[in-house]
Every structure is written in structure tokens, then in C-alpha cells.
Amino acid sequence: MTVWSRTVVAGWLVALGAVSAVGFVVAGLLVDGQLPLFLWLLLASAALVITGAVRVTVTDRDVTVHAVVLPLVRRRIPHSRIREASARLSRPMELGGWGYRWMPGQTSVSLRAGDALWLELTSGKFFVVTVDDAGEAAELVNGYVSQAKGAQRR
């Protein structure tokens, strides 16, 4: 069994989340009567920190993308749900922006411009994650998808 894994970090996104969290905590302590607002803003800051660094892993069972800071936040896609994988250069703006994004027919984790792993799902939708060595990941995924299809035919 071959396993492929890479980590992608958008340092500016993590730093922005951390700095804004500290600012919102301080502001929440100093401004009376606005605690609910500051708690919501703190939650938004936490989301930036959590989604600013992800680990992408391809195993013989699935493709998993999980947050480095909070690994319980994950997206797991079994090979049986993947039609085909490919790699191509992608920019955050074509993927809906930076971070975890939902668009009609596509979900993406976009932390930088460059290499991206594109998974065409059996539903016709796409899951995209920007990650180094996406071509290597796509080859491995396609190999596992072919194996899974062969096993289903038997």
C-alpha cells in the first residue's frame, strides 16, 4: 500500500485568525454589553486558524483533508465516490476565494495559488484542494479508483 501526504499552510490566514482573536478577546473585555458580538467574531477568528492549515492524505481507502490545528475537522472521500482525479494549476479566485469554499457543483480548500488536486466525484461534482505534488496524488488516486472499480466488477 502506498500512502501520499502533504501539508498546506496559509500562514497569513492563521496569523490573521490568531491576531484578530486576541483583539476580539481584549475588545470583549473592555467594551460593556457587546459580549455576544465579540464571541461571534471570536468564532470567525477560530475558523480562520482552523482552516488555515490542512493535511491532504491519499490511502488505499480514501482521500482525506483535515485541519492541522483540529484534526477532527475533516473531509473524507472514499475512492468509490471518485470518478477521476487530475492535477492543474488553480487560483483561489477561480475556486471561490481563500479557505474552505462551497460553490454550485464544487467544494474546495484553497490556501494558495498553484498546484491543485481536482477530484471529479461520481455525483458529477468536484472537490478541489490546492496542494504541492498534486500530480503525484492524482496518479495514486486514479490507480486506487481503478482497483476499486475492478474489485466491484468481480
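The rules behind these values
- Residues numbered from 1 in each chain as written.
- Predicted model: local features only at pLDDT ≥ 70, side-chain atom pairs only at ≥ 80, totals over all residues.
- Heavy atoms only, no water.
- Helix = DSSP H or I, 4+ residues; strand = E, 2+ residues; numbered from the N terminus.
- Buried < 20%, exposed > 50% of the residue type's maximum accessible area, 1.4 Å probe, protein only.
- Salt bridge = Lys/Arg side-chain N within 4 Å of Asp/Glu carboxyl O.
- Polar contact = N/O pair within 3.5 Å; in protein donor to acceptor, adjacent residues only side chain to side chain.
- Contact = heavy atoms within 4.5 Å.
- Pairing = 2+ DSSP bridges.
- Axes fitted to C-alpha atoms, helices over the stretch in contact; angles between N-to-C directions.

1. Considerations on the overall build of the protein chain
Part 1 of the reasoning: Within the protein chain, the regular secondary structure consists of three helices and nine strands.
Part 2 of the reasoning: Going residue by residue from the N terminus, the α and β elements of the protein chain occur as β-α-α-β-β-β-β-β-β-β-β-α.
Part 3 of the reasoning: Taking the principal axes of the C-alpha coordinates as reference, the protein chain spans close to 65 × 30 × 30 Å.
Part 4 of the reasoning: Relative to its full complement of 154 residues, the protein chain shows a buried share of 39%.

2. Things to note about the pattern of salt bridges
Part 1 of the reasoning: According to the stated counting rule, one finds six salt bridges in the structure shown.
Part 2 of the reasoning: Of the charged contacts in the structure, one is a salt bridge between Arg6 and Glu136, with a shortest N-O distance of 3.6 Å. Of the two residues, Arg6 is situated in strand β1 (residues 4–9) and Glu136 in helix α3 (residues 134–153); the sequence distance between them amounts to 130 residues.
Part 3 of the reasoning: A salt bridge links Asp62 to Arg76; the nearest nitrogen and oxygen atoms lie 2.6 Å apart. Taken as a pair, Asp62 in strand β3 (residues 62–67) and Arg76 in strand β4 (residues 74–78) lie far apart in primary sequence, 14 residues in all.
Part 4 of the reasoning: Classification of Asp62 by relative accessible area gives buried; the value is 5%.
Part 5 of the reasoning: When salt bridges with common partners are traced through the structure, they connect Arg6, Asp133 and Glu136 into a single cluster.

3. Focus: the side chain of Ser90
Part 1 of the reasoning: In this fold, Ser90 is placed in strand β5 (residues 82–90).
Part 2 of the reasoning: Side-chain polar atoms of Ser90 contact the side chain of Trp118, separated by 3.0 Å.
Part 3 of the reasoning: Excluding anything up to four places from it in sequence, Ser90 contacts Leu95, Arg112, Ala113, Gly114, Ala116 and Trp118.

4. Section: the sheet that holds β1
Part 1 of the reasoning: With antiparallel pairing, four strands are arranged side by side in an open sheet as β1-β2-β3-β4. Edge strands, defined here as strands with exactly one partner in the open sheet, are β1 and β4. For this sheet, the mean angle separating the axes of adjacent strands, direction not counted, is 10°.
Part 2 of the reasoning: Sheet topology places strand β2 (residues 53–58) next to β3; five bridges connect them, and they run antiparallel. Looking at β3, one finds that Thr57 is bridged to Thr64.

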